[in-house]
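# A closer look at the structure
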Amino acid sequence: MSADSKPLVECRGLVKTFRLPALAAGPGSREFRAVDGLSLAVYPGETLALVGESGCGKSTTGRLLLRLEKPSAGTVTFEGRDLAALSAARLRTQRSRMQMIFQDPYGSLNPRLTVGAALAEPLRIHWRLSGKSLRERIAGLLENVGLRPEHARRYPHEFSGGQRQRIAIARAVSVNPGFVVADEPVSSLDISIQGQILKLLIELKKSLGMAMLFISHDLAVVRQISDRVAVMYRGRLVELAPAGELFSRPLHPYTRLLLSCVLAPRPGRKGAPPDIRSPEATGYRGFGCSFAGRCPLEIAACTRETPELRELYPDHYAACLVAGGKPLPDISR
Amino acid sequence: MSLRAYRSITLRIGLALVLLLVLSALCAGLLAPCDPLRVDVASVMAPPSLAHPFGTDYLGRDVLSRVLYGGRISLTVGVLAVIISGLAGTLVGALAGFAGGWVDEVLMRLTDIVLAFPTALLALAVMAIFENPTVGKIFIVLGLVGWANIARLVRAEVLAVKERDFVTAARSVGVSPLGIVIRHILPNTLGTLTVALTLGVAGNILTEAWLSFLGLGAQPPLPSWGAMITEGQYFLTTRPWVCIFPGLAILLTVLGFNMLGDGLRDVLDPRLNPRGRR
């Protein structure tokens, strides 16, 4: 997106630490930094994909942006307003502008509410609809996501996974939010259903003009849907670039590693497998590149200096001391 | 639910027993051959016969009639006490589980205190405070004693349900905390709660029986099963029917409610159910 338009959602220096139970923590730190100083902006109407391996903090970031969790440090602003400064009641009003789609459509719908009752909730709260106008809106929403109006009377367990995800999507877009966080919305679905749901998301996004944070670990899916891609590793952003640029010219060694896992369709082929050294314990050292120790391009400076995101090409940022053909001089030798 | 309900033999037997008892208690007026309070000096301690199928007690009252009317007392006390403890326990448990923090801490320590007392002692103490114990006071006492278990259970369920995605979804939609508890969390604890309440009825009937046995429950001449056993205990070796029939009634009732509760657990517990089927 162009740098001059104003961001819809923006976070600065976002940190979320979780306290580990004493036994799981092992020696040293009892805290786990799921998100570690993340700054990111989502612009109106764009789809920003957030990718990374499981446990890297993608989902936590999504929840922090919607203030479903409180950040340990840092700020989240929505349309210029600091979400932390809002009262509980004001925040609930604000929620009509920001919605979420969950990974597991079996868990995200209350089994005791009919589909109609689930869809009615946001409409009653934010639009104060009732009676006929409410029923009509629900029928319209169900049709928009490829279901039938009479499905409103049924319970979630009467639907397949794909249909449930359609219902969850209908709920998320029901009050025309400007921003939706989609947390791995297709990864629990069959491959054949994934395509349909993705198509639906793309269509809805286009017709409603909303911005989306699309959280995924599946780069093939990300490629189809996103305008920009942000790559996360251990709670930090390591690369941020327009989608086409990222796939054609990945800069960060971690991004390259991720891409090499996707783009090798013939597993039997000869050639060196990507060099994946097993990650060490996830203790936070507080300095140095988090990918150091696993990185094929590692230089001595990587364990001492924390790389910041640098704009190596127009709109293409990477947090790596080595990437971009401009290695920093190694002072130690 | 229907398929599994039919498959669970425990549930069917339990349901049959409970229905039989409820019906016989409701229709006691029609089924009982005599007035349960009518004293007949001519046939004191008569063994079971055609006129008195369960025999008569030391005042010549018909044991069958007294057992039938006694069912009314037992079932009323059991059910009313469960309603009281169910409401109080759900309120405390839901509040503790949902609010967390110091609210949870205070409420749960209070629950621990109630649970730390032996039920018997607590019930005896409270009943003794009342100057003249009556049936109406028993279920209040049982309710006061029983809420703690329900509160613990509801709290645990609320803690589990609270973490599920649809609760987060409700929050992200903008539902108020009260709406989340009432519409999203509590309905999803109903399965477990139903089981606990059914088992609670059995426990309460048993407690009422021994409280009456100790003279702290229903007072003579009211036909309470526990009180009937007290009256018959001195003749147990020579005139066993005075004790045996009310004893059997207690046995069958408690067995029936326990089997119903266990059966309901089999049917309602989502962990035993395949995904999505209720």
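What you see is a predicted model; the values in this text were computed from it and never measured.

### Some points on the sheet that holds strand β5 (residues 81-82) of chain A
Residues and elements named next belong to chain A.
- Ordered in space as β2-β1-β4-β5, the four strands form an open sheet in which the pairing is antiparallel. Each edge of the open sheet is held by one strand with a lone partner, namely β2 (31-42) and β5.
- Bridge analysis of strand β4 (residues 73-78) against β5 gives two bridges, and the strand direction is antiparallel. Across the sheet, residue Thr77 finds its bridge partner in β5, namely Asp82.

### Focus on the pairing of strand β3 (residues 47-51) of chain A
Residues and elements named next belong to chain A.
- Across the five residues of β3, five count as buried, placing the element largely inside the fold.
- Here β3 shows a buried face lined by Thr47, Ala49 and Val51 and a second buried face lined by Leu48 and Leu50.
- Bridge analysis of β3 against strand β8 (residues 211-216) gives five bridges, and the strand direction is parallel. In the strand pairing of β8, Ala49 is matched with Phe214.
- Direction of pairing for β3 relative to strand β9 (residues 228-233): parallel, over a ladder of four bridges. The residue of β9 that forms the bridge with Ala49 is Val229.

### A word on the confidence of the model for chain B
Residue and element names in this part refer to chain B.
- Per-residue pLDDT for chain B has a mean of 84; in total, 93% of the residues score no lower than 70.
- This stretch, residues 270-278, has a pLDDT under 50; its non-local contacts, to residues over four places away or in other chains, come to 10 contacts.
- Interface predicted TM-score (ipTM) for the complex: 0.84; the corresponding pTM is 0.80.

### Points about unusual backbone geometry
Residue and element names in this part refer to chain A.
- Although it is not a glycine, Arg234 sits at a positive phi angle of roughly 45°.
- Relative to the elements of secondary structure, Arg234 occurs in the loop between β9 and β10 (236-242).
- A residue is classified by how many C-beta atoms lie within 10 Å of it, and Arg234, with 22 of them, is buried.
- In this structure, Asp315 takes a positive phi of about 65° despite not being glycine.
- Looking at where Asp315 falls in the secondary structure, it is placed in the loop between β11 (310-313) and β12 (316-318).

### Side note on the sheet that holds strand β6 (residues 98-101) of chain A
All names here are of chain A.
- A sheet is described by the order of its strands in space; here eight strands give the open sequence β6-β7-β8-β3-β9-β10-β12-β11, paired in mixed fashion. The open sheet is flanked by β6 and β11, the only strands paired with a single partner. Here the average twist between neighbouring strands, direction ignored, is 20°.
- With two bridges connecting them, β10 and β12 associate as antiparallel partners. Bridge pairing in β12 places Glu239 opposite Ala318.
- Strands in contact with helix α6 (residues 161-173) are β6 and β7 (179-183); relative to β6, the strand with the most contacts, it is inclined by about 175°.

### A few points about the nonpolar core
- Membership of the largest hydrophobic core comes to 155 residues, with the highest contact counts inside it found for Leu213(A) and Ala230(A).
- For this core, the leading source of residues is helix α4 (residues 63-99) of chain B, giving 14 residues.
- In contact with Leu213(A), other than residues within four places in its own chain, are Val42(A), Leu48(A), Leu50(A), Gly62(A), Leu65(A), Val181(A) and Ala182(A).

### Here we look at the pairing of β6(A)
Residues and elements named next belong to chain A.
- Here β6 shows two buried faces, one formed by Met98 and Met100 and the other by Gln99 and Ile101.
- Pairing geometry for β6 and β7, over four bridges, is parallel. Bridge pairing in β7 links Met100 to Val181.

### A word on the UniProt feature "transmembrane region" (unreviewed entry) in chain B
Residue and element names in this part refer to chain B.
- Taking the numbering used here, the UniProt-annotated feature "transmembrane region" (unreviewed entry) corresponds to residues 75-98, 110-130, 136-154, 193-218 and 238-261.
- End-to-end, the C-alpha atoms of residues 75-98 are 33 Å apart, and along that stretch the chain is 100% helix and 0% strand.
- The distance separating the terminal C-alpha atoms of residues 136-154 is 27 Å; by composition the span is 100% helix and 0% strand.

### Focus: the environment of Val195(B)
All names here are of chain B.
- Tracing the backbone through its elements, the reader meets Val195 in helix α10 (residues 190-213).
- For Val195, a count of 21 C-beta atoms within 10 Å gives the class buried.
- Placed 72 residues apart in sequence, Val195 and Val267 show a C-alpha to C-alpha distance of 9.9 Å.
- In this structure Val195 touches Gly261, Leu264, Arg265 and Leu268, once residues within four positions along its chain are discounted.

### Some thoughts on the interface of chain B and chain A
- If you look at the interface, chain B gives 18 residues, while chain A gives 22 residues.
- Broken down by element, the residue count for the side of chain B that touches chain A peaks at seven residues, all from helix α8 (residues 165-173) of chain B.
- Its residues assigned to classes, the side of chain B that touches chain A comprises five nonpolar, seven polar and six charged.

### Describing the environment of Gly101(B)
Residue and element names in this part refer to chain B.
- On the secondary structure map, Gly101 appears in helix α5 (residues 101-116).
- Owing to 8 C-beta atoms within 10 Å, Gly101 belongs among the exposed residues under this scheme.
- Between the alpha carbons of Gly101 and Thr207 there is a distance of 35 Å; along the sequence they are 106 residues apart.

### Re helix α9 (residues 177-185) of chain B
Residues and elements named next belong to chain B.
- All of the buried residues along α9 are Val181, His184 and Ile185. Projected down its long axis, α9 carries its buried residues within an arc of 115°, all on one side.
- Of the surrounding elements, those touching the buried residues of α9 are α4, α7 (135-162) and α8.

### Focus: α7(B)
- Its 28 residues give α7(B) an end-to-end C-alpha distance of 40 Å, which sits within 8% of 40 Å, the value for a rise of 1.5 Å per residue.
- Remark: the principal bend of α7(B), roughly 35°, maps to Gly146(B).

### Some words on the environment of Gln194(A)
Residues and elements named next belong to chain A.
- Residue position: Gln194 is located in helix α7 (residues 191-208).
- Owing to 20 C-beta atoms within 10 Å, Gln194 belongs among the buried residues under this scheme.
- In contact with Gln194, not counting residues within four places along its chain, are Val186, Leu189 and Val221.

Definitions and cut-offs
- Residues numbered from 1 in each chain as written.
- Chains lettered and ligands numbered in written order.
- Predicted model: local features only at pLDDT ≥ 70, side-chain atom pairs only at ≥ 80, totals over all residues.
- Pairing = 2+ DSSP bridges.
- Helix = DSSP H or I, 4+ residues; strand = E, 2+ residues; numbered from the N terminus.
- Buried ≥ 20, exposed ≤ 12 C-beta atoms within 10 Å, placed from the backbone.
- pLDDT = per-residue confidence, 0-100.
- Contact = placed C-beta atoms within 7 Å.
- Axes fitted to C-alpha atoms, helices over the stretch in contact; angles between N-to-C directions.
- Core = buried A, V, L, I, M, F, W, Y, C linked by C-beta atoms within 7 Å.
- UniProt positions renumbered as here; feature names shortened; annotations may be inferred.
- Nonpolar A, V, L, I, M, F, W, Y, C, P; charged D, E, K, R; others polar.
- Arc of directions from axis to C-beta.
- Expected span 1.5 Å × (residues − 1).
- Bend = angle between axes of the 7 residues up to and from the residue.

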